[in-house]
Amino acid sequence: IMFLGKGFVGQIRDPQVNFQLKCTHQDLIVGDSIRFSLERKNYDDLRARDLSTPRYLAVLEVPELCDDWTHHLDGGMLLKAKCFWTSLKGLSDIDQGTITVSVPLAQRLTSISLRQLLTLASERRDA
């Protein structure tokens with residue numbers, strides 16, 4: 001998923017950030033993070049250092065039953081989910097086919113955190 005920011009005043013006028021979004025209903029919380037398993041290809045895509053646009057892993061936690069994910073209202077739709085993000089940029093190479101990564105619960109993906117990530121991208125800084 002790609003987000004494009006408009007109206008940012010930094011080195012980059014219209015910054016972008018990309019997310020590789022994963023969804024789960026499993027309880028993967030261990031301590032203060034989500035322990036999420038990634039295929040090596042996905043891990044390698046996210047840990048690359050030579051990207052012009054920052055890439056992040058986002059893990060969306062949803063209720064087990066699909067019918068519980070959303071609630072439709074007259075004024076819109078309520079999504080019953082929580083999303084968390086992390087950067088894997090620069091992490092080391094792996095030999096195995098999968099790896100379990102930690103996604104901090106403190107890094108919740110919200111409109112405020114998304115704006116902060118776009119601001120960093122506009123300043124050519126990493127999260």
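Provided above is the structure to which this section pertains.
Residues numbered from 1 in each chain as written. Predicted model: local features only at pLDDT ≥ 70, side-chain atom pairs only at ≥ 80, totals over all residues. Heavy atoms only, no water.

## Quick notes on the sheet that holds strand β8 (residues 82-86)
Read from one edge to the other, the open sheet built from four strands follows the order β1-β2-β5-β8, with strand pairing classed as mixed. Pairing within the sheet leaves two strands with one partner each, and these edge strands are β1 (2-4) and β8. Direction aside, neighbouring strands of the sheet carry axes that sit 30° apart on average. Sheet analysis places strand β5 (residues 55-61) next to β8, joined by five bridges and oriented antiparallel. Paired with L60 across the two strands is C83, which belongs to β8. Where helix α2 (residues 111-122) meets the sheet, its contacts fall on β1, β2 (16-24), β5 and β8, and the angle it forms with β2 comes to roughly 145°. (Pairing = 2+ DSSP bridges. Helix = DSSP H or I, 4+ residues; strand = E, 2+ residues; numbered from the N terminus. Axes fitted to C-alpha atoms, helices over the stretch in contact; angles between N-to-C directions. Contact = heavy atoms within 4.5 Å.)

Purely geometric numbers; function is a separate question.
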